Amino acid sequence: METTEKLARFIVETSYGEIPAKAITVAKEAMLDCLGVLLAGSTDPASKIMVSFLRSLGGEPHSSVIGWGFKTSVLNAALANGTMAHVLDYDDVSVGGHPTATILPALLALGEKMNASGKEVIEAYILGFEVFARCCEAVGLGPRKLGFHPTPIMGVMGAAAVAAKLLKLDVEQTRMALGLAASNACGMGENRGSMTKPFHAGNAARGGLIAAMLVSEGYTAAPNILEIPFGYIYAFSAAKGYNTNKMTGNLGSPFKVISPGITIKKYPTCGETHQAIDAMLFLVKNHDISPEGVASIEVDVNPMAVGTLAYKEPGNVLQSKFSMNFVMAIALQERKVGLEQLDDEKINNPKTRELMKKVKMIGRKRETEAAGRVISSTVRVSLKNGKEYSHEVLNRLGTPANPLSKEELRAKYTDCARLCLKKKAIERSLNLIENLEELKDIGELVETIE
Amino acid sequence: MSTVSEKIAEWVQITNYNCIPEEVLDIAKRCILDFVGVTLAGSREETARIVRQYLNEVSGKGESTVIGLGIKAPCTEAALANGTVGHCLDYEDFIQPVSSAGGPHVTAVVLPAALAVAEKTNRTGKELIEAYVLGCEVVYSIGRAVEPGHFLSGWHNTGTHGVFGAAVAASKLLKLNADETTYALGIAGSEASGLRENFGTMTKPFHAGAASAKGVRAAMLARLGFTSAKTIFEGRNGFFNALCKKLEIDELTQNLGKPFGLPQVKLKLYPCCGAALRGIDGTLDLANEYNIKAEEVEEVIVKCHPGAADALTYSKPITALEGKFSIQFPVALALSERGVTLEQFTDDRVREPKIINLMQRVKLVPTPELAATNSQVARAVVEITLKGGKKLAKTVDFPRGTPEKPLSDEQLLQKYRSCASLAISEKATKEMQERLLNLEKVEDIGKLANILIG
């Protein structure tokens, strides 16, 4: 059996009963977190434009645009919800991209239309995540090196898997859904820092959905896209061959949601800044450092991150998320990096600007002996009085190795959701997601957050 | 210093209908007429049935016509449908900016975007032509800049280059300013996709439709204030680096419209694989020249280069679809009917005893000497032996429909009519032909589209 067929068979044949409790817990946490972030992102300018564009097109009212109180076609809803889930760059990450912002919008949109149960949603999420993570591992750093934004490249495949599962496609159809989805895979890294980056997530959700929907009607596509010479792998990694074990070895043992697992973002900025923020907050609090006393700040980061964090003098909120200079300055000033810190006024504050100039980012590889892959980040703060403090962070807060507590997860959800939900709706939705496996119809959850 | 997309956007701003030479306008109208006909014919295919079902499922505002399917849809979905259905017979035009790479089906990706937006915004025929020509020019110029490396790496340029052309056409019709057009290109660049491995499946025509819809969406989002990278082509994480092996940037920024590329477009006279075209032409020429009757034919030998022979895999086709990838079937038709037209591509025809008898007399001989070299274009030789022993031969360099041997007006119109009549009435076919041949005089594309709905 070849690679695409093996993966498709795994999607078709795996059922809820075979999924371990740990995987279900992780899946529910990720979905809770993503919904919170989506709600917070729903009023962002990019979200507003997307919603007004989609409203102008109309569409069969099958699925809800979260936070906006109206329904549209499955595809439009997935596009809107995915864009809103990723617009704050506050959504989860794993392996090499943002899985849930691409998978969950496809799942919610189709699940609502089909009245899927909580169990079906969890099952599909875990399988979609499996495909996302395996595509990530198979292409490695390829997409990033070539210049693609990795998230939509994997996301479209994960979304296709989710939709194939909900639509109960057979093995042949699932293979073709992956084949069609691969022809929808796109998204340039160059668009980081613009509204088009979050659009990539929504577009991937939509691209995966349309692939499975068309195939379910009899549409055809290449059935072997994961193994043929000029297929998915070559397009996005330029590699002529690859270790297909990465795609289909040990499927489900363990599930990818368990290992490598999912990192929930503690801060609403690019993930590459998080270790440095952890380190800076540690230093500020432990040594009670005041911004006025700081002479210079040096940050060692993963060399691959230097290009990603390109904005030395960010001009707006979107760019500030990709600015090591800004996040270091604001962490130092406010001792917190949350949604309220990302604000045009704060970004343009002369004092913050002054501090930003003192930040120097250095791409430095420092691998730990154990995993050989975990890259640490070190922050060194030099004071005007000559004192120097330094702190190194290996596993940032929110990673599987240093996870957020249940309370921290709930606090982040509440903090995000209160931007558009009343207290009662927040509590009710929290409860529904934490007990998702008992929900008979996902529509009930969507109603509370719509 | 302007970026590549800023330079393109600037050119799109300042170039209007009056800047387009008469010859280019004429070719544009021919391509548009041809595409409309082929799409109407395609609307009776299985691909169109699924697209129709999909449109029912998503629904939305009925603002733009879906050709031949009797419905209107949101402009993005209409572009998706028309591009997909228009390309599903592989019977519409294509262009090869670089001869060693397969060319994008330029009209199938640019025109549906232009048509959908022009209808929604009630633009004139001149505005439609203008937007279509500018979109095609950008697709052509990207091809000159990055082919053949891009195509040979596995990308289907109808999708990957086409998305920019569709965005340009939609931007022009939506009257975006230079900044907005630059953003539309930036969004479109993040949507460039389509893998050649999907050739031979319905997903190939989907590339055309999907790219067309993406171009419309990019322009609409940009118009509402959506932002993107201005360095989408040349940036470190941009289109050139990710999807292209070769890059001649001046082709893209210095030579737009100098001269326009559209006259290089190739129209197909026969509804079958491009590899069969020369053999069909040679057979038809001999049959007409010597007034050969089918029953006089003892044997036909078609010699062509091995690449072409490879694509013609069905020596004994039993379905019309197999007949498209066969030399035996269209040559038999050419001898028996003196024409190779869409209505003859039926399963019944392929199985007719008279046709089977003729097909058995046709041999395909792969001949390496006939391949293209630096000094010689690819060619085919047709040799017919009559029952009396008389031998006739014909060499074909350029099939009909190429710029070197363009279709006559009569050929073009006959093709259009045979295609369109499959989906719309004779009256509507005539009326549409009249309007499209005088497209520059049409005042409102919205009213024109009403005839196309089928």
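Residues numbered from 1 in each chain as written. Chains lettered and ligands numbered in written order. Predicted model: local features only at pLDDT ≥ 70, side-chain atom pairs only at ≥ 80, totals over all residues.

**Some thoughts on the overall build of chain B**
Line of reasoning, step 1. If you tally the helices and strands in chain B, you get 22 helices and six strands.
Line of reasoning, step 2. Relative to its length of 454 residues, chain B is compact, with a C-alpha radius of gyration of 22 Å against a globular reference of 22 Å.
Line of reasoning, step 3. Each principal axis of the C-alpha atoms in chain B carries an extent, and together these give about 75 × 50 × 40 Å.
Line of reasoning, step 4. Per-residue burial over chain B gives 59% buried out of 454 residues. (Helix = DSSP H or I, 4+ residues; strand = E, 2+ residues; numbered from the N terminus. Rg over C-alpha atoms; globule rule 2.2 N^0.38 Å. Buried ≥ 20, exposed ≤ 12 C-beta atoms within 10 Å, placed from the backbone.)

**Regarding unusual backbone geometry**
Line of reasoning, step 1. In this structure, A:P254 follows A:S253 across a cis peptide bond, with omega equal to -5°.
Line of reasoning, step 2. Tracing the backbone through its elements, the reader meets A:P254 in the loop between α12 (245-248) and α13 (274-287).
Line of reasoning, step 3. Following A:S259, the chain continues to A:P260 via a peptide bond in cis, the omega torsion being 10°.
Line of reasoning, step 4. Although it is not a glycine, A:A238 sits at a positive phi angle of roughly 60°.
Line of reasoning, step 5. Counting through the fold element by element, A:A238 comes out in the loop between α11 (232-237) and α12.
Line of reasoning, step 6. Accessibility expressed as a C-beta count within 10 Å gives 15 for A:A238, which makes it partly exposed.
Line of reasoning, step 7. Even without being glycine, B:N291 reaches a positive phi, approximately 45°.
Line of reasoning, step 8. Its 9 C-beta neighbours within 10 Å are what place B:N291 among the exposed residues.

**Things to note about the environment of A:P291**
Line of reasoning, step 1. Structurally, A:P291 can be placed in the loop between α13 and β3 (294-301).
Line of reasoning, step 2. Spatially, the C-alpha atom of A:P291 lies 5.9 Å from that of A:Q333, the residues being 42 residues apart in sequence.

**A word on helix α4 (residues 74-86) of chain A**
Line of reasoning, step 1. With 13 residues, α4(A) extends 18 Å between its outermost C-alpha atoms, agreeing within 8% with the 18 Å of an ideal straight helix rising 1.5 Å per residue.
Line of reasoning, step 2. Across the 13 residues of α4(A), 13 count as buried, placing the element largely inside the fold. (Expected span 1.5 Å × (residues − 1).)

**Section: the nonpolar core**
Line of reasoning, step 1. Ranked by internal contacts, the top residues of the largest apolar core, which has 248 residues, are A:Y125, A:A160, A:L209, B:A114 and B:Y132.
Line of reasoning, step 2. Of all the elements, helix α6 (residues 118-139) of chain A adds the most residues to this core, at 14 residues.
Line of reasoning, step 3. Non-local contacts of A:A160, meaning those with residues more than four positions away in its chain, are made with A:A177, A:L178, A:A181, A:G208, A:A211 and A:A212. (Core = buried A, V, L, I, M, F, W, Y, C linked by C-beta atoms within 7 Å. Contact = placed C-beta atoms within 7 Å.)

**Describing the interface of chain B and chain A**
Line of reasoning, step 1. With 44 residues of chain B in contact, the opposing surface of chain A contributes 44 residues.
Line of reasoning, step 2. Broken down by secondary-structure element, the contributors of at least two residues to the side of chain B that touches chain A are α3 (46-58), α10 (178-189), α11 (203-223) and α12 (239-243) of chain B.
Line of reasoning, step 3. No other element matches α3(B), which puts five residues into the side of chain B that touches chain A.
Line of reasoning, step 4. Grouping the amino acids of the side of chain B that touches chain A by side-chain chemistry returns 16 nonpolar, 22 polar and six charged. (Nonpolar A, V, L, I, M, F, W, Y, C, P; charged D, E, K, R; others polar.)

**A short note on the sheet that holds strand β4 (residues 362-366) of chain B**
Within a sheet, each strand pairs with its neighbour through backbone hydrogen bonds, oriented either parallel or antiparallel.
All names here are of chain B.
Line of reasoning, step 1. Ordered by their spatial adjacency, four strands build an open sheet running β4-β3-β5-β6, and the pairing between neighbours is mixed. Across the chains shown, the open sheet's two edge strands, defined by having one partner strand only, are β4 and β6 (391-396). Taken over all neighbouring pairs, the strand axes of this sheet differ in orientation by 15° on average, direction set aside.
Line of reasoning, step 2. Where strand β3 (residues 297-304) and β4 come together, five bridges link them in parallel fashion. Considered in β4, the bridge of C304 is made with P366.
Line of reasoning, step 3. On top of the sheet, helix α14 (residues 277-289) reaches β3, β5 (380-386) and β6; it is set at about 40° to β5, its chief contact. (Pairing = 2+ DSSP bridges. Axes fitted to C-alpha atoms, helices over the stretch in contact; angles between N-to-C directions.)

**Some thoughts on the pairing of β3(A)**
Residues and elements named next belong to chain A.
Line of reasoning, step 1. One ladder, built from six bridges, connects β3 with strand β5 (residues 377-383); its direction is antiparallel. If you follow I297 over to β5, its bridge partner there is V381.
Line of reasoning, step 2. One ladder, built from five bridges, connects β3 with strand β4 (residues 359-363); its direction is parallel. The partner of I297 across the bridge, within β4, is V359.

**Side note on the sheet that holds β3(A)**
All names here are of chain A.
Line of reasoning, step 1. Read across the open sheet, the four strands follow the order β4-β3-β5-β6; overall the sheet is mixed. Each end of this open sheet is capped by a strand with a single partner; those strands are β4 and β6 (388-393). Sheet twist, expressed as the mean angle between neighbouring strand axes with direction ignored, is 15°.
Line of reasoning, step 2. In this structure, β5 lies alongside β6, joined through six bridges in antiparallel fashion. Of the residues in β6, the one forming a bridge with S377 is V393.

**Describing the domain arrangement of chain A**
Residue and element names in this part refer to chain A.
Line of reasoning, step 1. Under the domain assignment, chain A is made up of domain 1 (3-266 + 414-449) and domain 2 (271-393).
Line of reasoning, step 2. A C-alpha centroid distance of 31 Å is found between domain 1 and domain 2.
Line of reasoning, step 3. Tallied by class, the residues present in the side of domain 1 that touches domain 2 amount to two nonpolar, two polar and six charged. (Domains from an automatic or database assignment.)

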